[in-house]
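Listed below are the residues making up each chain.
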Amino acid sequence: MVGRTTLLVTGGLALAGFSVAFVLAQASEGVGILTPDDAEVVAIGQVIYPDQCAACHGENLEGQPNWRIRGEDGLLPAPPHDATGHTWHHDDETLFTLTKFGLAGLMENAPPTGMPVYEGVLSDDEIIAILSFIKSTWPNDLREYHDELNAQSE
């Protein structure tokens, strides 16, 4: 006959084993809120981008010419979102906030900008999809840098 101690030890080991299996079976979370490796999310962003972003940031994410120099209106032209720009210098939360609320969402007394506010125009999921699409186009070294930036900001 099996003793009570043997049953408790066996049961405890089984519970521990199930717990480890459960933890290992969970999807690992990426760093940040963007999902550039999720083909479905990226495809949604790729569909929305031409209608909402390309007029300023370019069909190929190339931005406007002379994007670092203020125009006659005092505004900076739209920067590129490809590897030549600075989008990848900002963590996910900053990119999301800038897209949803404009520069005013990031700072008080924000200077004027040509960037429209997308709150009420795009859902949070649509904003994340567009930004995920943009990130999916970056070379691996920039994506890795961006992931590290996100990890530091958490």
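Residues take numbers from 1 onward in each chain, read along the sequence in its written order. Local features in a predicted model are, by the rule used here, given only for residues with pLDDT of at least 70; side-chain atom pairs are given and counted only at 80 or more, and totals for whole chains, interfaces and linings are based on all residues. For side-chain calculations, the full set of non-hydrogen atoms in the structure is used, while hydrogens and water are omitted.

S.K.: Just to check I follow, could you spell out the packing of helix α2 (residues 39-52) against helix α5 (residues 124-136) for this structure?
M.R.: The packing of two helices is summarised by the inter-axis angle and the distance between the axes. Angular values range over 0 to 180 degrees, each being the angle between N-to-C directions of two axes fitted as lines to C-alpha atoms, with helices fitted over their stretch in contact. Every helix listed is a DSSP run of H or I at least four residues long, and every strand listed is a run of E at least two residues long, numbered separately from the N terminus. Taken N-terminus to C-terminus, the directions of α2 and α5 make an angle of 95°; their axes are 7 Å apart at the nearest point. By the criterion of interaxial angle, the relationship of α2 to α5 is roughly perpendicular. Contact with α2, carried on its side by Val41, Val42, Ile44, Gly45, Gln46, Ile48 and Tyr49, involves Glu126, Ala129, Ile130, Ser132, Phe133, Ile134 and Ser136 of α5 and no other residues of that element. A per-class count over the contact of α2 with α5 returns nine nonpolar, four polar and one charged. Here is the rule for angles: anything less than 35 degrees is roughly parallel, anything more than 145 is roughly antiparallel, 65 through 115 is roughly perpendicular, and the remaining ranges are oblique. Contacts were defined at the residue level, with two residues in contact if any of their heavy atoms lie within 4.5 Å. The nonpolar class holds Ala, Val, Leu, Ile, Met, Phe, Trp, Tyr, Cys and Pro. Asp, Glu, Lys and Arg form the charged class, and all remaining residues, Gly among them, are polar.

S.K.: Please clarify how the side chain of threonine 87 should be interpreted in this entry.
M.R.: Following the sequence through the fold, threonine 87 ends up in the loop between α3 (54-57) and α4 (92-101). Any N or O atom pair separated by 3.5 Å or less is treated as a polar contact, with the protein-specific requirement of one donor-capable and one acceptor-capable atom, and with residues adjacent in sequence counted only for side-chain atom pairs. A polar contact is formed between the side chain of threonine 87 and the backbone oxygen of proline 80, at a distance of 3.4 Å. Contact partners of threonine 87, with chain neighbours within four places excluded, come to Pro80, His81, Leu95 and Trp138.

S.K.: Help me understand the confidence of the model for the protein chain in this model?
M.R.: The predicted structure's coordinates, where accompanied by low pLDDT, should not be read in detail. When pLDDT is averaged along the protein chain, the result is 86, and 81% of the positions lie at 70 or above. For every residue, the predictor reports its confidence as pLDDT, a number between 0 and 100. Low pLDDT, under 50, characterises residues 11-29; the predicted model gives this stretch zero contacts beyond four residues in sequence or across chains.

S.K.: What should I look at first to understand the packing of α4 against α5 in this one?
M.R.: Where α4 contacts α5, the axes come no closer than 10 Å and their chain directions differ by 125°. Judged on the interaxial angle alone, α5 and α4 are oblique. As for how α4 packs across α5, the hand of that crossing is right-handed. Residues Leu95, Phe96, Thr99 and Lys100 of α4 form the contact with α5, whose own contacting residues are Asp124, Ile127, Ile128 and Leu131. Left-handed describes a crossing whose near helix is turned anticlockwise from the far helix by less than a right angle; the clockwise case is right-handed.

S.K.: Looking at this structure, I do not really get the packing of aromatic side chains. What am I missing?
M.R.: Between two aromatic rings, the relevant description is the distance of the centres plus the angle of the planes. In this analysis, rings of Phe, Tyr and Trp, with Trp reduced to its six-membered ring, are considered paired at centre separations within 6.5 Å, and the interplanar angle assigns stacked below 30 degrees, edge-to-face beyond 60, and tilted for intermediate values. In this structure the tally under the stated criterion is two aromatic pairs. Look at tryptophan 88 and tyrosine 145: their rings are 5.5 Å apart centre to centre, the planes differ by 85°, and that puts the pair in the edge-to-face class. A residue pair is termed long-range when its members are at least 10 positions apart, and tryptophan 88 in the loop between α3 and α4 and tyrosine 145 in helix α6 (residues 140-153) qualify at 57 residues. When its relative accessible area of 14% is taken as the criterion, tryptophan 88 is described as buried. Only protein chains enter the accessibility calculation, which uses a 1.4 Å probe; a residue whose area is less than 20% of its type maximum is buried, one above 50% is exposed, and one in between is partly exposed. Classification of tyrosine 145 by relative accessible area gives partly exposed; the value is 37%.

S.K.: Can you walk me through α2 in this structure?
M.R.: Along an α-helix, residues three or four apart share an orientation, since each turn contains 3.6 residues. Its 14 residues place the ends of α2 20 Å apart at the C-alpha level, agreeing with the 20 Å of an ideal helix rising 1.5 Å per residue. Its side-chain oxygen at 3.1 Å from the backbone nitrogen of glutamate 40, aspartate 38 defines the N-terminal cap of α2. The span one expects for a helix is its residue count, reduced by one, times 1.5 Å.

S.K.: Before we go on, may I ask you to explain unusual backbone geometry in this structure?
M.R.: It is generally the case that most residues other than glycine have a negative phi and that most peptide bonds are trans. At asparagine 66, a residue that is not glycine, the phi angle is positive and equals roughly 50°. On the secondary structure map, asparagine 66 appears in the loop between α3 and α4. For asparagine 66, a relative accessible area of 56% puts it in the exposed group. Unusually for a residue other than glycine, asparagine 109 sits at a positive phi of about 50°.

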